[in-house]
Amino acid sequence: MAKECCCGGVRLIYACSGASDVGKLADSAARELANSNCGKMTCLAAVGAHLSGFVESAKGATENITIDGCSVACARKILDHIGVNSKSYVLTDMGYKKGETPVTKKTVDEIVKKISSEPAKNSKKSDKRNNSCC
Amino acid sequence: MKIEILGTGCPKCKKLTELAEKAVKDTGISAEISKVDKINDIMNYGVMITPALVIDGKVKVSGRIPSEEEIKNWIKK
């Protein structure tokens, strides 16, 4: 976990970290993006548990990025539930098949590269922002 | 009531402290205001962005300075 103090422009990254291969890939990609200073990875489970520090941090972030393994989109929906819009990336929408995708460094790097360059889908249709992650 | 200001001492954290002190004074509510400036203590609250304001253990805001009215509303509840 990391912390920003008054610097503005804080981007938080959440992964669904689901049980499937694409869930694990979402987790690994989020960690790699955080390591690349694309943003700060934080705990989706804590937001789901309504822990106030995590919820208020999501509300205070300049941008929240969710990476979901599949179209169930748990990460995006958890942020939706607390009224926070996110830039949403869903790996199955990006061509990765659930149950058929090997969890390798090569695949993780490929996902990170795609996320860094592909536009995200915003969780709320009214939000017209459509920039790539990094 | 226990009010904690989370931050490492930047101007925004100081401003939030001033606002909290004024809100407590204006409302006349008995409250203890303290500063939390150690990173590990701040992270124990799950706060990723400072300044943050905690009232009786609950994080009310993170990453922005709330208005004085907001703070007053929180401490009146």
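Predicted, not measured: the structure shown is a model, and the values here were computed from it. (Residues numbered from 1 in each chain as written. Chains lettered and ligands numbered in written order. Predicted model: local features only at pLDDT ≥ 70, side-chain atom pairs only at ≥ 80, totals over all residues.)

### Some thoughts on the overall build of chain A
Looking only at helices and strands, chain A has five helices and six strands in total. In sequence order, chain A lays out its α and β elements as β-β-α-β-α-α-β-α-β-α-β. Classification of the 134 residues of chain A by burial places 46% in the buried group. (Helix = DSSP H or I, 4+ residues; strand = E, 2+ residues; numbered from the N terminus. Buried ≥ 20, exposed ≤ 12 C-beta atoms within 10 Å, placed from the backbone.)

### Some remarks on helix α1 (residues 21-35) of chain A
All names here are of chain A. With 15 residues, α1 should reach 21 Å at 1.5 Å per residue; the first-to-last C-alpha distance of 21 Å fits that figure. Most of α1 sits inside the fold, with 11 of its 15 residues counted as buried. Against β2 (11-15), β3 (40-41), β4 (63-68) and α5 (105-117) lie the buried residues of α1. Two residues or fewer past α1, asparagine 37 is found with a positive phi of approximately 60 degrees. (Expected span 1.5 Å × (residues − 1). Contact = placed C-beta atoms within 7 Å.)

### Quick notes on the packing of α1(A) against α5(A)
All names here are of chain A. Axis separation between α1 and α5 bottoms out at 9 Å; the angle between their running directions is 65 degrees. In this structure, α1 crosses over α5, and the sense of that crossing is right-handed. Seen from α1, the contacting residues are Leu25, Ser28, Ala29, Glu32 and Leu33; seen from α5, they are Thr107, Val108, Ile111, Val112 and Ile115. Its residues assigned to classes, the contact of α1 with α5 shows seven nonpolar, two polar and one charged. (Axes fitted to C-alpha atoms, helices over the stretch in contact; angles between N-to-C directions. Left-handed = near helix turned anticlockwise from the far one by under 90°. Nonpolar A, V, L, I, M, F, W, Y, C, P; charged D, E, K, R; others polar.)

### Some remarks on unusual backbone geometry
Trans is the prevailing form of peptide bonds, just as negative phi is the prevailing case for residues other than glycine. Thr50(B) connects to Pro51(B) through a cis peptide bond whose omega is 5 degrees. Summarising the element assignment, Pro51(B) is placed in the loop between β3 (49-50) and β4 (52-55). Residues other than glycine seldom take positive phi values, yet Asn37(A) does so here, at roughly 60 degrees. By the element assignment, Asn37(A) lies in the loop between α1 and β3.

### Details of the pairing of strand β5 (residues 58-62) of chain B
In this sheet, β5(B) lies alongside β4(B) in antiparallel orientation, the contact comprising four bridges. Directly across from Ala52(B), in β5(B), lies its bridge partner Ser62(B). (Pairing = 2+ DSSP bridges.)

### What about the nonpolar core?
All names here are of chain A. Grouped together as the largest cluster of nonpolar side chains are 57 residues, with contacts concentrated most on Tyr14, Ala26, Ala29, Ala30, Ile67 and Ala75. No other element matches the six residues that α1 contributes to this core. Excluding residues within four positions of it along the chain, alanine 30 makes contact with Ile13, Tyr14, Ala15, Met41 and Ile67. (Core = buried A, V, L, I, M, F, W, Y, C linked by C-beta atoms within 7 Å.)

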